[in-house]
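In case you want the letters, here they are:
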Amino acid sequence: MPEQRNNGYWTERNRRNKLKVIEVGENGINELKRVLKTNLDDVQKQIKTFYEKYGENPTEQLNYKEFEQYKKDLKAKAQKYPDDKTLQRMLKQDIPKYRIERLRQLEADLQIRLAEVTAYQQTSINGTLKDVAKVSHEATKKMMKEAIGLNIGAISSKQIAALISTDWSGKNWSERLWADREKLGKKLKQTLEKGITQGISYRKMARDLKAEMGTSFNNAFRLIRTESAFIQGDINKNAYNEAAEELELEYYKYDAFLDSRTSTICRELDGKRFKISEMQIGVNAPPMHPNCRSTTQLVLNDKSSEH
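Thresholds, definitions, all that
- Residues numbered from 1 in each chain as written.
- Predicted model: local features only at pLDDT ≥ 70, side-chain atom pairs only at ≥ 80, totals over all residues.
- Heavy atoms only, no water.
- Core = buried A, V, L, I, M, F, W, Y, C linked by side-chain atoms within 4.5 Å.
- Buried < 20%, exposed > 50% of the residue type's maximum accessible area, 1.4 Å probe, protein only.
- Helix = DSSP H or I, 4+ residues; strand = E, 2+ residues; numbered from the N terminus.
- Contact = heavy atoms within 4.5 Å.
- Expected span 1.5 Å × (residues − 1).
- Arc of directions from axis to C-beta.
- Polar contact = N/O pair within 3.5 Å; in protein donor to acceptor, adjacent residues only side chain to side chain.
- Disulfide = S-S within 2.5 Å.
- pLDDT = per-residue confidence, 0-100.

**Student:** I keep staring at the nonpolar core and nothing clicks. Help me out?
**Tutor:** The tendency in soluble globular proteins is for nonpolar side chains to be buried side by side. Grouped together as the largest cluster of nonpolar side chains are 67 residues, with contacts concentrated most on Trp10, Ile125, Met144, Ile148, Ile231, Tyr254 and Leu298. Those elements giving two or more residues to this core turn out to be helix H1 (7-54), helix H4 (102-148), helix H5 (157-164), helix H6 (173-197), helix H7 (202-247), strand E1 (251-255) and helix H8 (264-269). Residue contributions to this core peak at 15 residues, all from H7. Membership of the second largest hydrophobic core comes to 14 residues, among which are Leu62, Leu74, Ala108 and Ala119.

Printed below as a string of structure tokens:
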């Protein structure tokens, strides 16, 4: 077994590993930002087209052929996106045999767009979190081997899937994503009904919806950062448990990135030691809050070697 490194080594190495994980997460966020811009532009164009064509008569009824297509599209999308409660609710509504207003069709078209965007976010976030798990595990595995000669086990695709879907804060990230989409759908309905019926300009409606969609996407960005921190924290926790069992190490230390953005709770926890056997993410190990950047470090038994 190679000579154990000092605690200063762990601080530097864990921080480098943390930055690797942050980079993977930010790459996923940048891709979602691109999708956000495209969809914001498309929504604005769709509202503009409707306003120019039906703005003075939004209650005009669809003809029979148009209505049949409306029902067909809504049913197909509701089946494709079973997690989307808004589309499920719209599908179950008491619809007249062949009459709905143009405004209702516009809402359905935009709700479908939101479902598609959310489904894309779900797939994209899932892929990002898988990458986070792989990068984090590989970095931790290499660090443990080089620093204390400990070989930690490989992580399988099944284990990664289970880790990503862990409900560690009351509701898993996918459920949070779709719940946020439902809130956005309600806001969309309110904005359209108020805007069209009161003669509000399409530009203002588009701005309002852009703001709401921007908030929704920002929630997704925060979700990626927080879930990435949880995944790394869980992988570290498992590695520390192996170190405790194999090498009889007992403690880990909380390590916060101290700057103007550091939260009060992370600042207070910085440098504090905790028993590995009592390690709990969200209690004495990061993430302690959304967008948490803190990490931990394994503490060696040789106190004389600490930095």
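**Student:** Please explain the side chain of Thr86 as it appears in this structure.
**Tutor:** With respect to the helices and strands, the residue Thr86 is situated in helix H3 (residues 85-92). Among the residues examined, Thr86 registers a relative accessible area of 4% and is labelled buried. The residues touching Thr86, leaving out its near neighbours within four places in the chain, are Gln111, Arg181 and Glu182.

**Student:** Got a minute to help me understand helix H2 (residues 64-80) in this structure?
**Tutor:** Working note: α-helix, 3.6 residues per turn, so residues spaced by three or four point in the same direction. Taking 1.5 Å per residue, 17 residues should reach 24 Å; H2 reaches 24 Å between its end C-alpha atoms and fits that length. Listed in full, the buried residues belonging to H2 are Phe67, Tyr70, Leu74 and Ala78. Along H2, the residues classed as buried sweep out an arc of 55 degrees about the axis, all on the same side. Those residues of H2 that are exposed and aimed more than 90 degrees away from the buried face are Lys65, Lys72, Gln79 and Lys80. Looking at the buried side of H2, the elements it contacts are H3 and H4. The residue sitting at the N-terminus of H2 and contributing the capping side-chain oxygen is Asn63; that oxygen lies 3.2 Å from the backbone nitrogen of Lys65.

**Student:** How should I be thinking about the state of the cysteines in this particular structure?
**Tutor:** A disulfide bridge is the covalent bond that connects two cysteines by way of their sulfur atoms. For the structure shown, the criterion picks out 0 disulfides. No disulfide involves Cys266; its nearest neighbouring cysteine sulfur is the one of Cys292, lying 3.7 Å away. Since its relative accessible area comes to 1%, Cys266 is described here as buried.

**Student:** Just to check I follow, could you spell out the confidence of the model for the protein for this structure?
**Tutor:** Caution applies to low-pLDDT regions: their predicted coordinates should not be interpreted in detail. Taken over all residues, the pLDDT of the protein has a mean of 89, while the share at 70 or more is 93%. This model gives residues 303-307 a pLDDT under 50, and the stretch forms 10 contacts once residues within four places in sequence are excluded.

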